[in-house]
Structure formats: structure tokens, C-alpha cells
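Examination of the molecular architecture
Letter by letter, the chains look like this.
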Amino acid sequence: GAVVSQHPSRVICKSGTSVKIECRSLDFQATTMFWYRQFPKKSLMLMATSNEGSKATYEQGVEKDKFLINHASLTLSTLTVTSAHPEDSSFYICSARNRDLPPVSYNEQFFGPGTRLTVL
Amino acid sequence: GQNIDQPTEMTATEGAIVQINCTYQTSGFNGLFWYQQHAGEAPTFLSYNVLDGLEEKGRFSSFLSRSKGYSYLLLKELQMKDSASYLCAVKVNNFNKFYFGSGTKLNVKP
């Protein structure tokens, strides 16, 4: 199967600190990963598209200096929430596209289990 | 922009059939996906439509009408474990991004 892991699964931090969240594709190579955030009882909001070896593409309204994304290898993307504030508390989910699947594929994105961030 | 609408919440009885609708207005449409998500967990893939018509997979079926910007997910023989949120997601051409609807919380009662 196609497994995506996230670490940590849960993090609590103080306001003003930075938090790094890792997203790994465990058994496939992912040229593209996506980062979403989800507020309670709401759906997933796409934050940015992370491409291996190049700069991330951010959605409108997402601060690139606050949410730093690095896609250093074909199996790892990281999201760093800089100078976190309580309003950044959310459920962050990543997904990864398997580069070996054909362009039109039934199960294109594999989701990680999510990271619950709580900023005090 | 992308606009995807779903009902917020639905309730149905165990053993019954329920239809969850999704309407969308997007540019660069390249497929529609349905996902199931239990609270605090990642979404899991249910179905995919890129052409008009009905796709059936066991107890789940999904329908798409591209001209109407409309899809539905049909769940048959409901089970208690089907209580979850159901997310409609549209794939757009540009970088193959997915945009999600607000999700429909389905409550299955005995």
C-alpha cells in the first residue's frame, strides 16, 4: 500500500515558539505533497503545494513566511509554523502523490494521519 | 475561485439508503473524489468520478454530472460504522490540486 506518516501526531507549544511537522511517504516516492489545515468540524483547507526541489506554492491568504515548507527529498516534506499563536491551533494534514502512478489515477492522494497543534 | 457545497449534517437509519449531494463551481475541473473521515483521523478514499455517470463500489456509489456541476455519494445498507464525515473534493488541473467541500457529517442511528 501507500503509507504516509506524520510526526509528531500531537504537539503543544507556547505562543511565540516555532513548530516543525514532518510528512513522510514510507513506501513510495512523492514529487508533490500537499499541506492542509482543518478547523474543528470543518473541512480541509489547502494551504500549499510542496514540490520536491523547488519552492512551495501557497494558496491565497496563506502567509508563506509564517508557514515555511521544505520538500528536501522525494519522501519528506516539512511544515514549520513560525512564531506560533493560539489562532494557529489546528489539525494539520499532509497528503502525497505517488509519482509512479499514472496521471489519472483513482487513488491519487494518500493522506497522513494528521498533527494536532495546540498553541497555548 | 473554487466553490464546493455540501449539506452540513444528515441523519439516517441503520439499514437505509442515504444520498449526500455535492455541487461545485471550479475552473480546470479534472475529477471529483469522495472521502470518508472519522473524527481526528485522516480522510480515506471512497470513490472517484471524472466522466459523467455512476460508479459503483459495493455499498457505495458515486454519480457525476459535469454539465450541472453536481455529484452525489450514495450509501446503501447503512451500518453504524458509516457514521463519519464525508468530504467531496474536486481536483483541478493546475498542479493537480484538490479542493474540498465543507464536509457532510452523517449520523447513523439504530
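Residues numbered from 1 in each chain as written. Chains lettered and ligands numbered in written order. Predicted model: local features only at pLDDT ≥ 70, side-chain atom pairs only at ≥ 80, totals over all residues. Heavy atoms only, no water.

Details of the pattern of salt bridges
Residues and elements named next belong to chain B.
- Using the criterion set out here, one finds six salt bridges over all chains in the structure.
- A salt bridge links Asp82 to Arg59; its shortest N-O distance comes to 2.8 Å. In this pair, Asp82 is assigned in the loop between strand S8 (70-75) and strand S9 (84-92) and Arg59 in the loop between strand S6 (53-57) and strand S7 (60-65), connecting sequence segments 23 residues apart.
- A relative accessible area of 1% places Asp82 in the buried class. (Salt bridge = Lys/Arg side-chain N within 4 Å of Asp/Glu carboxyl O. Helix = DSSP H or I, 4+ residues; strand = E, 2+ residues; numbered from the N terminus. Buried < 20%, exposed > 50% of the residue type's maximum accessible area, 1.4 Å probe, protein only.)

Some details on the pairing of strand S7 (residues 67-73) of chain A
- Where S7 of chain A meets strand S8 (residues 76-81) of chain A, five bridges bridge the pair, whose relative direction is antiparallel. Each bridged residue has a counterpart across the sheet, and for Leu68 of chain A the counterpart in S8 of chain A is Thr80 of chain A. (Pairing = 2+ DSSP bridges.)

Digging into the confidence of the model for chain B
- Summarising the model, chain B shows a mean pLDDT of 92, and 97% of its residues fall at 70 or more.
- Element-level mean pLDDT values for chain B span from 89 in strand S10 (residues 98-100) of chain B up to 98 in S8 of chain B. (pLDDT = per-residue confidence, 0-100.)

Examining the interface of chain B and chain A
- With 21 residues of chain B at the contact, the number on the chain A side is 22 residues.
- Of the roughly 1800 Å² buried where chain B meets chain A, counting both sides, 57% is carbon and sulfur surface.
- Across the pair Glu59 of chain A and Lys97 of chain B runs a salt bridge, and its minimum N-O distance is 2.7 Å.
- For the side of chain B that touches chain A, the secondary structure elements donating two or more residues are strand S4 (29-37), strand S5 (44-49), S9 and S10 of chain B.
- Taken together, the residues of the side of chain B that touches chain A break down into eleven nonpolar, six polar and four charged. (Contact = heavy atoms within 4.5 Å. Buried area = accessible area lost by both parts, 1.4 Å probe. Nonpolar A, V, L, I, M, F, W, Y, C, P; charged D, E, K, R; others polar.)

Thoughts on the packing of aromatic side chains
- The tally for this structure, following the rule as stated, stands at 16 aromatic pairs over all chains.
- Seen in terms of ring centroids, Phe33 of chain B and Phe45 of chain B are 6.2 Å apart; in terms of plane orientation they differ by 65°. Their pairing is edge-to-face. With Phe33 of chain B in strand S4 and Phe45 of chain B in strand S5, this residue pair connects regions lying twelve residues apart in the sequence.
- Ring centres of Tyr35 of chain B and Phe100 of chain B lie 5.8 Å apart, and the angle between their planes is 50°; this geometry places the pair in the tilted category. Taken together, the residues span a long stretch of sequence, with Tyr35 of chain B in strand S4 and Phe100 of chain B in strand S10 at a distance of 65 residues.
- For Phe100 of chain B, a relative accessible area of 11% corresponds to the buried category.
- Clustering of aromatic rings is evident, with ring pairs tying together Tyr36 and Phe111 of chain A together with Phe33, Tyr35, Phe45, Tyr48, Phe98 and Phe100 of chain B. (Phe/Tyr/Trp six-rings, centres within 6.5 Å; stacked < 30°, edge-to-face > 60°.)

Details of the nonpolar core
- Among the nonpolar cores identified, the biggest contains 37 residues, and Trp34, Leu75, Tyr86 and Phe100 of chain B are the most heavily contacted of them.
- At seven residues, S9 of chain B tops the list of elements feeding residues into this core.
- Look past the residues within four positions of Tyr86 of chain B in its chain and what remains in contact with it is Gln6, Ile20, Trp34, Tyr35, Gln36, Leu46, Phe60, Leu73, Leu75, Gly103, Thr104 and Leu106 of chain B.
- Among the nonpolar cores identified, the runner-up in size contains 26 residues, and Val19, Ala48, Tyr58 and Ala96 of chain A belong to it. (Core = buried A, V, L, I, M, F, W, Y, C linked by side-chain atoms within 4.5 Å.)

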